[in-house]
Amino acid sequence: MAVLVPALALTAACGGGKSKDSGSAASKKLTGSVITAKDVDHLKVVPATDDSQLLGAEQTTDPAACQPVADQWSLEPKLARTVYTGALVTDTAAAEAGAKTISLEVVASYRAGRAKQVLDQLSAAVAQCSGYKVTRNGRTSTFTVKSVPASAAVGGTFGDQQVTYTVSDPALGASGMALVTVVRVGDFVAAFETVRADHKTAALRAEIASKQVDKLRAAAATK
């Protein structure tokens with residue numbers, strides 16, 4: 001989970017993003033709804049060019065109550081997305097160079113009512129789940145999960161629903177923690193996984209979340 005941001009930072013390239021069902025009209029509308037450098041000052045936005053830069057392989061969590069946390073970044077979640085796309089968002093607004101943040105953003109559309117299910121289940125999982133284990137290729141990884149106040153991490157609450165929390169891989173130390181901010185607008189969801197350049201506690205600038213919500217509201221109005 002928390003390793004996705006640096007992986008995308010190393011492999012993302014300029015150009016058009018790729019999304020599930022990328023040729024559809026719905027996908028093109030969704031791609032146009034992702035925040036850009038023109039929307040907020042001090043942003044660099046690089047669209048993902050491959051699905052593997054956005055989401056990882058399916059993982060089964062132990063305990064099962066934590067599954068919605070892992071599903072948020074899975075190619076095969078229990079509640080499937082209809083269309084998705086995303087980008088790498090770098091925020092250089094802070095004067096201190098180490099405070100630069102890098103966010104992996106995934107924007108998805110769901111069939112009617114399913115996005116609310118996703119946020120409801122994620123909210124319940126974060127409330128119940130303090131940590132979980134997953135086994136991949138014979139190796140077991142342990143992650144810790146902690147709910148954080150939206151006022152501190154994002155500067156407020158945005159959209160119709162919002163879940164804000166950190167996910168950490170203790171084996172990676174300070175570099176293994178990411179802030180996750182998931183916001184729902186109708187049947188659309190925008191998820192940000194954010195780290196700071198200096199690995200201190202990350203925050204997502206309120207202007208980024210607010211503008212992304214505005215763009216999703218515009219998309220929802222034409223759905």
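Bear in mind that the values here come from a model prediction, so they are computed numbers and not experimental data. Residue numbers restart at each chain and count upward from 1, following the sequence in its written direction. Note on the predicted model: pLDDT of at least 70 is required for a residue's local features to be given, and 80 or more for side-chain atom pairs to be given and counted; whole-chain, interface and lining totals, by contrast, use all residues. Computation of side-chain values: all heavy atoms of the structure, hydrogens and water removed.

How would you summarise the packing of aromatic side chains if you had to cite specific residues and measurements?
Each Phe, Tyr or Trp ring, with Trp reduced to its six-membered ring, pairs with another whose centre is within 6.5 Å; inter-plane angles below 30 degrees give stacked pairs, above 60 give edge-to-face pairs, and intermediate values give tilted ones. One pass over the structure, following the stated rule, counts one aromatic pair. When the ring centre of tyrosine 84 is taken as reference, the NZ or CZ atom of arginine 81 above it lies at 5.8 Å. Here, a charge over a ring is recorded when the distance from Lys NZ or Arg CZ to the ring centre is within 6 Å and its angle to the ring normal is within 35 degrees.

Go over the state of the cysteines with me, naming the residues and quoting the values.
Pairs of cysteine sulfur atoms within 2.5 Å are what we label disulfides. Summed over the entire model, instances satisfying the criterion amount to one disulfide. The residue that forms a disulfide with cysteine 66 is cysteine 129, at a sulfur-sulfur distance of 1.9 Å. Handedness here is read from the sign of the S-S torsion; for cysteine 66 and cysteine 129, about 105 degrees, the answer is right-handed. Residue cysteine 66 is found in the loop between strand S1 (43-47) and helix H3 (67-71), and its partner cysteine 129 is found in the loop between helix H4 (114-128) and strand S4 (131-136); the two are separated by 63 residues along the sequence. Here cysteine 66 matches cysteine 129 in class, with each residue buried. Helix numbering and strand numbering both begin at the N terminus, where a helix is a DSSP run of H or I of at least 4 residues and a strand a DSSP run of E of at least 2. Between buried and exposed lies partly exposed: a residue is buried under 20% and exposed over 50% of the maximum accessible area for its type, with that area taken using a 1.4 Å probe on protein chains only.

How would you explain the pairing of strand S7 (residues 177-185) if you had to name every residue and give the values?
Across the nine residues of S7, eight count as buried, placing the element largely inside the fold. Relative to S7, strand S6 (residues 161-168) is paired through eight bridges, and the arrangement is antiparallel. Within S7, the residue paired with threonine 166 across the bridge is leucine 179. Two strands make a pair as long as DSSP finds a minimum of two bridges between them. In this structure, S7 lies alongside strand S8 (residues 188-196), joined through seven bridges in antiparallel fashion. By the bridge assignment for S8, leucine 179 is matched with threonine 194. Adjacent in sequence and paired antiparallel, S7 and S8 are bridged by two residues, among which glycine 186 carries a positive phi angle near 60 degrees.

Give me the sheet that holds strand S3 (residues 101-109): which residues, what numbers.
The strand order S1-S2-S3-S8-S7-S6-S5-S4 describes an open sheet built from eight strands, whose pairing is antiparallel. The open sheet is flanked by S1 and S4, the only strands paired with a single partner. In this sheet, adjacent strand axes meet at a mean angle of 25 degrees when their direction is disregarded. Two elements, S1 and strand S2 (residues 83-91), share five bridges in a ladder whose sense is antiparallel. By the bridge assignment, valine 46 is partnered in S2 with leucine 88. Contacts: residue pairs with any heavy atoms within 4.5 Å of one another. To obtain each axis, a line is fitted to C-alpha atoms, and for helices this fit is confined to the stretch in contact; angles are then taken between N-to-C directions over 0 to 180 degrees. Strands in contact with helix H6 (residues 206-221) are S1, S2, S3, S7 and S8; relative to S8, the strand with the most contacts, it is inclined by about 160 degrees.

With reference to specific residues and values, describe the pattern of salt bridges.
In the sections that follow, a salt bridge refers to a side-chain nitrogen of Lys or Arg positioned within 4 Å of a carboxyl oxygen of Asp or Glu. The tally for this structure, following the rule as stated, stands at seven salt bridges. Its salt-bridge partner being glutamate 58, residue lysine 78 comes within 3.8 Å of it at the nearest N-O pair. With lysine 78 in the loop between H3 and S2 and glutamate 58 in the loop between S1 and H3, the pair connects residues that are 20 residues apart, well separated along the chain. For lysine 78, a relative accessible area of 55% translates into the label exposed. Between arginine 217 and aspartate 160 there is a salt bridge, with the nearest N and O atoms lying 3.2 Å from each other. Of the two residues, arginine 217 is situated in helix H6 and aspartate 160 in the loop between helix H5 (150-153) and S6; the sequence distance between them amounts to 57 residues. According to the relative accessible area criterion, arginine 217 is partly exposed, its value standing at 39%. When salt bridges that share partners are traced, they join Asp160, Arg184 and Arg217 into one network.

Summarise H4; cite the residues concerned and give the values.
Each residue after the first adds 1.5 Å to the expected span of a helix. Given a rise of 1.5 Å per residue, 15 residues ought to cover 21 Å, and the 21 Å separating the end C-alpha atoms of H4 matches this to within 8%. When H4 is considered as a whole, its buried residues turn out to be Arg114, Ala115, Val118, Leu119, Leu122, Ala125 and Val126. One side of H4 holds all its buried residues, which, seen down the axis, span an arc of 140 degrees. For H4, exposure combined with an orientation more than 90 degrees from the buried face picks out Ala127 and Gln128. In this fold, the buried residues of H4 make contact with H3, strand S5 (139-147), S6, S7 and S8. Note: the arc covers the axis-to-C-beta directions of the helix.

None of the figures reported here should be taken as evidence of function without further support.
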